[in-house]
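What follows is the residue order along each chain.
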Amino acid sequence: MSRIGKNPVLIPSGVNVTIDGNNIKVKGPKGELTYTYPEGVKVEQEENNLKVSVVSDKYKNYWGLVRTLIANMIEGVTNWFKKELIVIWVGYNAKIQWNKLILSLWFSHPVEYEAPKGITLSLDKWPKGVPLIRVEGIDKQLVWEVAAKIRAFKKPEPYKGKGIRYIDEQVKLKEGKKAGK
């Protein structure tokens, strides 16, 4: 069984949690999120804590998952989740117009990506003028999904390292072809 599920979820001040059947609604200063958890999982509120428990052994696999998802919801409505990407290579560029990301990646056309509702895209310059794309929102899953979709437009290639990568990602470069003797 999960050891994570045993820990209570602390509810900070300024966050309201409403449990209605199998639905949980978390409202905070940054926004509002809802989640429907499985029937075999029980969530109880005790003062400023949430306790997650399992009704039957059939649902014990969901115990830690539900607790973590609820903790991420509470974290998201109090603080933004953020994922940063950098665009590396000469001639690759990025700009934002009306919450739409426009990437120039040496394709025959610019790549346009419109951010879904609840996601904020911003652009900054990293050292040496490298474009830094910042993806922010209150839903952790959606923030990571949008960052992965942006990265998929031009994944970092293993020979020169050019492409779009996460700011903390290390690309292991391969050795190129060697000249014959």
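Residues numbered from 1 in each chain as written. Predicted model: local features only at pLDDT ≥ 70, side-chain atom pairs only at ≥ 80, totals over all residues. Heavy atoms only, no water.

**A look at the environment of K82**
Okay, so step 1: Tracing the backbone through its elements, the reader meets K82 in strand β7 (residues 81–88).
Okay, so step 2: In the structure, K82 is positioned 35 residues away from E47 in sequence and 30 Å away in space, judged by C-alpha atoms.
Okay, so step 3: Apart from residues no more than four positions distant in its own chain, K82 is found in contact with R134, V135, E136, V143 and W144. (Helix = DSSP H or I, 4+ residues; strand = E, 2+ residues; numbered from the N terminus. Contact = heavy atoms within 4.5 Å.)

**Re the packing of aromatic side chains**
Okay, so step 1: Applying the stated criterion across every chain yields a total of four aromatic pairs.
Okay, so step 2: Considering the side-chain rings of Y59 and Y62, the 6.2 Å spacing of their centres and the 35° angle between planes classify their relative orientation as tilted.
Okay, so step 3: For Y62, a relative accessible area of 37% translates into the label partly exposed.
Okay, so step 4: The interplanar angle of 90° and the centroid separation of 5.8 Å between the aromatic rings of Y92 and W106 together place this pair among those described as edge-to-face. With Y92 in the loop between β7 and β8 (93–97) and W106 in the loop between β9 (100–104) and β10 (111–114), this residue pair connects regions lying 14 residues apart in the sequence. (Phe/Tyr/Trp six-rings, centres within 6.5 Å; stacked < 30°, edge-to-face > 60°. Buried < 20%, exposed > 50% of the residue type's maximum accessible area, 1.4 Å probe, protein only.)

**What about helix α2 (residues 140–152)?**
Okay, so step 1: With 13 residues, α2 should reach 18 Å at 1.5 Å per residue; the first-to-last C-alpha distance of 18 Å fits that figure.
Okay, so step 2: Those residues of α2 that sit buried are V143, V146, A147, I150 and R151. Viewed end-on, α2 has its buried residues packed into an arc of 135°, placing them on one side of the element.
Okay, so step 3: Here the buried face of α2 lies against β7, β9, β10, β11 (119–126), β12 (130–137) and β13 (163–166). (Expected span 1.5 Å × (residues − 1). Arc of directions from axis to C-beta.)

**Section: the pairing of β9**
Okay, so step 1: Bridge count for β8 against β9 is five bridges, and the pairing is antiparallel. Each residue of the ladder has a partner; that of I96, found in β9, is L101.
Okay, so step 2: Where β8 folds back onto β9 in an antiparallel hairpin, the turn is made up of two residues, including W98, whose phi is positive at roughly 55°.
Okay, so step 3: The pairing of β9 with β10 spans four bridges and is classified as antiparallel. Residue pairing in the sheet places L101 in a bridge with Y113 of β10. (Pairing = 2+ DSSP bridges.)

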